[in-house]
Structures are given as structure tokens and as C-alpha cells.
Amino acid sequence: MTSFNRSTSRRLKKLTQIPSVWEGDRRPLSSPSQHSDSEAKGECILWVDYSQGVVRGMDVVASDIGPEAIVRTLMQAMEHPQSPARPARPQRIVVKDREIQFYLRGVLQDLDIAIDYAPELPLIDELFRGFADILDSQTPDLPPQYAQILREKAFAIWQAAPWEFLEEQQILSIEINKWDVGTLYASVMGMLGMEYGILFYRSEESLKQFRAAVLRDEESTEHLEEAFLKQDCLFLTFESADETDEEDDLADLPLSEIDPTFGNIHPLEGLRSVLYDEEALVILVAIESLSRFIRDHRRQLHEDIFPTLSRRYRISLPQSEESTKSIAVTVSTMPQLAAELEEMAGFGVDEQEIGNLDFQSLQDDLIPEDSFLSLGVVSWEMLEYLRKGVSYHPAGEIKQVGDGLPVILIQTSRPKAKTVIERIETVGGLRAICFNPGADSFDGDRYDLGLLQTQNGELFLFGEFLDEDPIHVEARKKWNQRCKNTKGYCGLIIAKGLTGASRGNPQLRDMMALFEARSLSPKDLGIGTLQLMPQLKFE
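First, a word on scope: everything that follows refers to the structure included in this document.

Definitions and cut-offs
- Residues numbered from 1 in each chain as written.
- Predicted model: local features only at pLDDT ≥ 70, side-chain atom pairs only at ≥ 80, totals over all residues.
- Heavy atoms only, no water.
- Axes fitted to C-alpha atoms, helices over the stretch in contact; angles between N-to-C directions.
- Helix = DSSP H or I, 4+ residues; strand = E, 2+ residues; numbered from the N terminus.
- Parallel < 35°, antiparallel > 145°, perpendicular 65-115°, else oblique.
- Left-handed = near helix turned anticlockwise from the far one by under 90°.
- Contact = heavy atoms within 4.5 Å.
- Nonpolar A, V, L, I, M, F, W, Y, C, P; charged D, E, K, R; others polar.
- Patch = residues over 30% accessible without salt bridge, like charges linked within 9 Å, V, L, I, M, F, W, Y side chains within 5 Å.
- Areas by Shrake-Rupley, 256 points an atom, 1.4 Å probe, with all protein chains shown as cover.
- Salt bridge = Lys/Arg side-chain N within 4 Å of Asp/Glu carboxyl O.
- Buried < 20%, exposed > 50% of the residue type's maximum accessible area, 1.4 Å probe, protein only.
- Pairing = 2+ DSSP bridges.
- Phe/Tyr/Trp six-rings, centres within 6.5 Å; stacked < 30°, edge-to-face > 60°.
- Expected span 1.5 Å × (residues − 1).
- Core = buried A, V, L, I, M, F, W, Y, C linked by side-chain atoms within 4.5 Å.

### A word on the packing of helix α3 (residues 68–79) against helix α4 (residues 98–107)
Alright, step 1. Taken N-terminus to C-terminus, the directions of α3 and α4 make an angle of 60°; their axes are 10 Å apart at the nearest point. Between α3 and α4, the angle falls in the class oblique. For the crossing formed where α3 meets α4, the hand is right-handed. Between α3 and α4, the residues in contact are Glu68, Ile70 and Val71 and Ile100, Tyr103, Leu104 and Val107, respectively.
Alright, step 2. Considered class by class, the residues forming the contact of α3 with α4 number six nonpolar, no polar and one charged.

Written out as C-alpha cells, the structure reads:
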């Protein structure tokens, strides 16, 4: 048996011994009426001064922690008690567990403290009854009668993955007309790979107001938080059951590691991750009808143009106090609202203006800094697989001459890859890939700068290559010859898997988008040699 060091015993014996009886016990942190796993919640250790009616020490420990924990808490109760108690040593200790009694007798034998047994501990019993009442009165996150079915429906949505083909502004209306809810407006989050879930707005006005506020105050964290809390919606979001690295994408995790969360946002209530009975039924019906709609119209929803679709479903309700066994729900797409939201975000670009935009500046914030980059070629056979299997943006009819299509490959993490793809798509796609001379006036180095030109005329830096790098020189020779074979056609491939086994060698399953474009020479681009400026950006 572990015992105190002699110095510790001498220190404790110096404490004033008061004529008090202390009660001590260790019990699970769950009430008898709860069906949760008490081991997961841990155990509470209490030491109270029965004579004065005060708690001197308390701690919460895991259930598998040994009897040493009750001694550690006792030492705190003696040397550093909770206010208003003062440091002291009791004359007598009473416990209701024989094992604890014998253990304490061995450990405390040098402290002149009597260790007794009693079948009941009145003060501690009363305190734990109070704890149980508090636990029983806590509102669960989901009504118990709907918790299991809600989680099942949530996992069905997760596996359907509507964010793979629906953007946030492509709103679906869900007409319910029950529980004081008319129509919900569902916005799917997740195409960018940053946050997955569905917002069910109670009104079209709330949805528009939030979008407008975000666009107006996108640089102000304080204003964004205020706008977030002014939404009027129910929500379903998905998180990792375990805390994972921020770079990990939920879409790559197994189902067992995904945890759905439900809740409500209202301007007067704020955010709460608790659903009450009627809210649970509303979101249950919304999720079920949305799942059926996605199942029935998945092919149409994958199309580039957001289609006009509508379908009516009869949704069965779980057994409850209500006599209603099912309700009719209508789910519809809202192309007009989607177009309005896109216009608010400035997604639309006039085609006549695209060709007339002059070069303004070179931007370097499109391609993540830690990306893997290579110049290469995709065989014509592989190109056909890519065109069918990834997000594909053609540039014209390409004559199959030579060993394949010259491509720039950029490999990054899945969330960052989605962001790059979204940004290019937002401005109408990729117009050209260019290599232009650059110079550093400080050290005399000269560079071959890899540039992407989007359809609105903007230029983005994707790579800086030293002119004297023999590997790049050879790669550029092959690039130029292949572009000559294809009459100037080339491509940009965006791939995920930067931190995985396919790092530096992405497979077909890792490739997420193919943008076909034209190859431009420095003369075609007409911007001259770019100089590296003091702020370390080419301008």
C-alpha cells in the first residue's frame, strides 16, 4: 500500500486538529433515472464537514482511477479547503465503503485521525440527491423519443452528400404547413469542404438578409457574428466525433467518426444546440423529404444549370401524442432565388467585358503556398476518363496530336482544392496558362513565372521557377513542344491528397477538376518583365 512520505506526514500533522466529523465518499456522476453510461461521465469525490455543514473538497475523476484519488481530494480538503473553511485536520472521518475505510486506515495511520464506517452519510446523501435532481432537470439536446430516428435521418443525408452538387445559393423550398411552420428554405453547406450541413430558414427574408450582411461585412468578425445570430433557422451540421487536425476533411472520415448536431438560431434566442418536441418533428420531416427529393432528382441536380423541379411526398410521423400519422410535404427547387443570390454575390460577369479587361495587377493568393506543383502531360486516354469523372471545363475542340494534353498539376488539401476550384469557376473559368519573365533587382536572379489568367482578365501566380534550374528548363521545353502539337491547348488539374500516400503522385481518384485553356506566350500576354518589389510581390 502506498503511504505518505515522512515529510508529508509531518506537514499534515502540523495542521490544527479540530473536533469535527468529516464525511467522504465517491459516487458516479449520473442520476438513477438516466440511462447514460456512468463510466463515461466519471465519478465525483466529496469531503464535507458534517459538524459545520460545509463542503471542504470536491473533485471529478475517471471511473477507473484508483483509491489514491480520494486521498488526494482529502489532502486538498485539509490543506486548501473550499471557502469559507480554513486549513485543518479532522478528529474523525466517516465513510460508507468498507474498502475505502480500510484503505484510509492504512494511509492515515500516522495522522491521529479515527476512520469509521457508517451505512449512511446524511450530508453527502443530501448533496448527491441535489446533484441527481439537477441532472434530471437538464434538457437533453434532442427529445428522447425522437433522438434515434433524427440521427438515422441525419446519417442518411450525410451519405447522400448533397454538397457534392448543390451550392449554398441553390435553395430548395420545403412546404410543410404544420406546427406553425409554413415553408422552410434549405441551404446546403459543404461544397467548399469547410463546414458540412443544412440550414433550414423559416423565411426567405431571413436568408436574404443574412447573405446581404455577410457580403457587406465580410471583413468584420464582430459584424459577421452579429449577422449570424440574427438568422431565423433550424440547422443540421456535421462534426468530427474526435478532435482532428484542421486540415482533415470530414468527407474523408468513416461514418463512425461523424457526429450530427441539431439546433436553432433566432434573433431573440441566439444559438442553442437543443431541439424541443415540435422543432424536432419539423426538422425530421424536412430532412426526410429532402433525402427523398435528392434520391429522386440526383441526376438533374448534377446539371450545370439549376433546374426547375418539384415533388410532393407523404412523410410518416413517429409515434407521439399527436393523432396525425403522416403529412404531405412539397419540395421544390428555386432557380430564380438562386440567380438573385448569385447576383448579390457578384457571380455574374458580362461576356463582352471579359475580353476587354486590361491587366491591373498580379495576384498570388489563389494557389496555396504549400501546394505540390508540376508541369506534365495527360495521355489522351486518361483525358477522356478525367472529362467524365471530375468537374470539367472545356476550352474547345482539341486535336489529339503527340503524347497527350500538356497540363499544370496543382495538388493541395481537399478543402483548399475546393476553394481554388470555386474561385476559378466564380469568374467564369480559366482563359489561359502563361509563362512570363520576372526579375529580382536585389540579387539579379531571373525567373520564369507561371501565371493563370481567368476569364475576367485577372492574373494569378502559380509558380516561380529560376531560369537556371535545369529541371524546369527541360520541363518548359517539353511544355512548349506539346502546346505546339495541340495548337495552343493545355490544361490545369486541381487535385487533393497532399498529406496522404499519393502526395506528389495523385491518382485519378484524387483529381477534382480539369480546366482546359489556351497557352499564351509572353508576347501574347504583353505585360513585359515583372519586377520583384520590396514587399516581395511581383507587380
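### Structural notes on a nonpolar patch on the surface
Alright, step 1. A surface patch of nonpolar side chains, about 230 Å² in accessible area, is lined by Phe228, Leu229 and Leu271.
Alright, step 2. Among the structural elements, Leu229 can be located in helix α8 (residues 221–229).
Alright, step 3. You can call Leu229 partly exposed: its relative accessible area is 32%.

### Digging into the sheet that holds strand β5 (residues 114–117)
Alright, step 1. The five strands lie next to each other as β3-β2-β1-β4-β5, forming an open sheet whose pairing is mixed. Taken across any chain shown, the strands that pair with only one partner, and hence form the sheet edges, are β3 (54–61) and β5. On average, each strand axis in the sheet is tilted by 20° relative to the strand beside it, whichever way the strands run.
Alright, step 2. Strand direction decides the pairing type here: strand β1 (residues 17–28) and strand β4 (residues 89–95), joined by five bridges, are parallel. Looking at β4, one finds that Gln17 is bridged to Arg89.

### Observations regarding the packing of aromatic side chains
Alright, step 1. Evaluation of the coordinates by the stated rule reveals eight aromatic pairs.
Alright, step 2. Residues Trp158 and Phe238 carry aromatic rings whose centres are separated by 5.0 Å and whose planes lie at 50° to one another, so their mutual orientation is tilted. A residue pair is termed long-range when its members are at least 10 positions apart, and Trp158 in helix α6 (residues 144–160) and Phe238 in strand β9 (residues 233–240) qualify at 80 residues.
Alright, step 3. Overall, the relative accessible area of 10% leaves Trp158 in the buried class.

### Here we look at the pairing of strand β19 (residues 446–454)
Alright, step 1. The element β19 is extensively covered by neighbouring structure, given that eight of its nine residues are classed as buried.
Alright, step 2. Sheet topology note: the strand β18 (residues 430–439)/β19 ladder contains nine bridges and is antiparallel. Residue pairing in the sheet places Ala432 in a bridge with Gln453 of β19.
Alright, step 3. When β19 meets strand β20 (residues 459–466), the two strands line up antiparallel, connected through seven bridges. Residue Gln453 lies in a different strand from β20, and its bridge partner there is Leu459.
Alright, step 4. Connecting β19 to the next strand, β20, in antiparallel fashion are four residues, including Gly457 with a positive phi near 90°.

### Comments concerning the pattern of salt bridges
One side chain can pair with another of opposite charge once the charged atoms of both are near each other.
Alright, step 1. Under the definition given, this model contains 25 salt bridges.
Alright, step 2. Measuring nitrogen to oxygen at the nearest pair gives 2.6 Å for the salt bridge that ties Glu43 to Arg26. One end of the pair, Glu43, is in strand β2 (residues 43–49); the other, Arg26, is in strand β1, and 17 residues separate them in sequence.
Alright, step 3. Under the relative-accessibility criterion, Glu43 is labelled buried at 16%.
Alright, step 4. Overlapping salt bridges, with partners in common, bring together Asp25, Arg27 and Asp125 in one network.

### Points about the sheet that holds strand β6 (residues 172–178)
In a beta sheet, neighbouring strands are held together by backbone hydrogen bonds and run either parallel or antiparallel to one another.
Alright, step 1. Ordered in space as β11-β10-β9-β8-β7-β6-β13-β12, the eight strands form an open sheet in which the pairing is antiparallel. The open sheet has two edge strands with one neighbour each: β11 (270–272) and β12 (310–316). Neighbour-to-neighbour, the strand axes of this sheet turn through a mean angle of 25°, independent of strand direction.
Alright, step 2. With six bridges joining them, strand β8 (residues 196–201) and β9 adopt antiparallel strand pairing.

### A short note on helix α13 (residues 414–426)
Alright, step 1. With 13 residues, α13 extends 18 Å from end C-alpha to end C-alpha; this agrees with the ideal 18 Å at 1.5 Å per step.
Alright, step 2. Within α13, burial applies to Arg414, Pro415, Ala417, Lys418, Val420, Ile421, Glu422 and Ile424.
Alright, step 3. On its buried face, α13 sits against β8, β18, β21 (489–495) and β22 (511–520).
Alright, step 4. Where α13 terminates, the next one or two residues include Gly428, which has phi positive at roughly 100°.

### A closer look at the packing of α6 against helix α9 (residues 277–301)
Alright, step 1. At a closest axis distance of 10 Å, the pairing of α6 and α9 adopts a crossing angle of 25°. Viewed along their axes, α6 and α9 adopt a mutual orientation that is roughly parallel. Considering how the two elements wind past one another, α6 and α9 form a crossing that is left-handed. Of the residues in α9, those touching α6 at Gln145, Tyr146, Ile149, Leu150, Lys153, Ile157 and Ala160 are Asp277, Ala280, Leu281, Ile283, Leu284, Ile287, Glu288, Leu290, Ser291, Ile294 and Arg298.
Alright, step 2. Taken together, the residues of the contact of α6 with α9 sort by class into twelve nonpolar, two polar and four charged.

### A word on the nonpolar core
If you look at soluble globular proteins, the nonpolar side chains tend to sit buried side by side.
Alright, step 1. In terms of nonpolar packing, the biggest core is built from 52 residues, with Ile174, Ile176, Phe200, Phe238 and Phe262 touching the most fellow members.
Alright, step 2. What Ile174 contacts, discounting residues up to four positions off in sequence, is Gly182, Thr183, Leu184, Ala186, Phe200, Ala286, Ser289, Leu290, Val329, Thr330 and Val331.
Alright, step 3. Ranked by size, the runner-up nonpolar core spans 26 residues in total, among them Phe4, Trp22, Leu74 and Leu104.

### Notes on the environment of Lys153
Alright, step 1. Considering the arrangement of structural elements, one finds Lys153 in helix α6.
Alright, step 2. Among the residues examined, Lys153 registers a relative accessible area of 24% and is labelled partly exposed.
Alright, step 3. Placed 131 residues apart in sequence, Lys153 and Leu284 show a C-alpha to C-alpha distance of 7.4 Å.
Alright, step 4. Contact partners of Lys153, with chain neighbours within four places excluded, come to Leu284, Ile287 and Glu288.

### What about unusual backbone geometry?
Alright, step 1. Going from Ser83 to Pro84, the amide bond is cis rather than trans, its omega being 10°.
Alright, step 2. Relative to the assigned elements, Pro84 resides in the loop between α3 and β4.
Alright, step 3. Despite not being glycine, Trp179 has its phi angle at roughly 55°, a positive value.
Alright, step 4. Overall, Trp179 belongs to the buried group, its relative accessible area being 11%.
Alright, step 5. Even without a glycine there, the phi angle at Lys487 is positive, about 60°.
Alright, step 6. One can find Lys487 in the loop between α14 (470–485) and β21.

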